[in-house]
Amino acid sequence: MQAEVRLEQRQYVHMHPVRESLQYLTGGGEAFRAAWAYVQTMDIWPFNRHLKQEPGLLTILELAKSCYLTALATNRTVSTHEVLAHFQLDQYFDLVVSASDVKHPKPHPEIMERICESFEVDPAQVLYVGDSPVDEAFASATEWYSPPTRTLN
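Report follows, based on the coordinates. No experiment lies behind these values; they were computed from the predicted model shown.

1. Quick look at the packing of aromatic side chains
Summed over all chains, the structure comprises 3 aromatic pairs. Measuring from ring centre to ring centre gives 5.0 Å for Tyr-128 and Phe-138, while their planes differ by 70°; the resulting arrangement is edge-to-face. Taken together, the positions of Tyr-128 in the loop between helix H6 (110-119) and helix H7 (133-143) and Phe-138 in helix H7 put the pair 10 residues apart, joining distant regions of the chain. With a relative accessible area of 23%, Tyr-128 lands in the partly exposed category. You can call Phe-138 buried: its relative accessible area is 0%.

Written as structure tokens, this is what we have:
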């Protein structure tokens, strides 16, 4: 029996990693374990044809890349690099950090910690652009992050 995905469910899975989304949709337990096992066997490449690039995205990315180091902080997991390649967007990012690369996905600040450490910048030097309440919580959590003190040689 298939149940229709409700609006609040669709919004949740848009913002969270696949594992958390499956837990949310199934309620956990055996249903989650079965769904998680199934997802791990799937070829997700065919789903990319259903994705659409936002209008104006390339213009913004080209402008940003011309002046700044750029990073992608995403709760997408194993499909991140495939999606970037599909839309030929990988060239616009100096660094990509996905939920697969960290122990704690957004809104936890671990992804931003990686970005700041890689670029050797403080969070106050970062302009973060997001499109969801999880991104807003991520930016707020990052405000409190203090990178390790670096010593100058």
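2. Describing the packing of helix H2 (residues 18-26) against helix H3 (residues 29-39)
Between H2 and H3, the least distance of the axes is 9 Å, while the angle of their chain directions is 140°. Between H2 and H3 lies a crossing whose hand is right-handed. Along its contact with H2, which presents Val-18, Arg-19, Leu-22, Gln-23 and Thr-26, the element H3 presents Ala-31, Phe-32, Ala-35, Trp-36 and Val-39. Residue composition of the contact of H2 with H3, by class: 7 nonpolar, 2 polar and 1 charged.

3. A look at the pairing of strand E2 (residues 95-98)
Residues of E2 alternate between two faces, with Leu-95 and Val-97 on one and Val-96 and Ser-98 on the opposite face, all of them buried. In this sheet, E2 lies alongside strand E1 (residues 71-74) in parallel orientation, the contact comprising 4 bridges. Among the inter-strand pairings, Leu-72 is bridged to a residue of E2, identified as Val-96. Chirality of the crossover, the property in question, places the unit of E1, helix H5 (residues 80-86) and E2 among those that are right-handed.

4. A word on the nonpolar core
One finds Ala-73, Leu-95, Val-97, Val-102, Ile-111, Met-112, Ile-115, Cys-116, Phe-119, Val-121 and Phe-138 forming the largest nonpolar core, which totals 11 residues. At the level of secondary structure, the elements contributing two or more residues to this core comprise E2 and H6. Sorting elements by how many residues they give to this core places H6 first, with 5 residues. Val-83, Leu-84, Phe-93 and Val-96 belong to the second largest nonpolar core, which has 8 residues in total.

5. As for unusual backbone geometry
For the peptide bond that leads from Lys-106 to Pro-107, omega is 15°, which places it in the cis range. Along the polypeptide, Pro-107 turns up in the loop between E2 and H6. Positive phi outside glycine occurs at Gln-88, with the angle close to 55°. The residue Gln-88 is located in the loop between H5 and E2 in this model. Even without a glycine there, the phi angle at Glu-120 is positive, about 55°. If you trace the backbone, Glu-120 turns up in the loop between H6 and H7.

Reading the values: rules and limits
- Residues numbered from 1 in each chain as written.
- Predicted model: local features only at pLDDT ≥ 70, side-chain atom pairs only at ≥ 80, totals over all residues.
- Heavy atoms only, no water.
- Phe/Tyr/Trp six-rings, centres within 6.5 Å; stacked < 30°, edge-to-face > 60°.
- Helix = DSSP H or I, 4+ residues; strand = E, 2+ residues; numbered from the N terminus.
- Buried < 20%, exposed > 50% of the residue type's maximum accessible area, 1.4 Å probe, protein only.
- Axes fitted to C-alpha atoms, helices over the stretch in contact; angles between N-to-C directions.
- Left-handed = near helix turned anticlockwise from the far one by under 90°.
- Contact = heavy atoms within 4.5 Å.
- Nonpolar A, V, L, I, M, F, W, Y, C, P; charged D, E, K, R; others polar.
- Pairing = 2+ DSSP bridges.
- Right-handed = clockwise from strand over helix to strand, strands pointing away.
- Core = buried A, V, L, I, M, F, W, Y, C linked by side-chain atoms within 4.5 Å.

Just distances and angles here, no functional claims.
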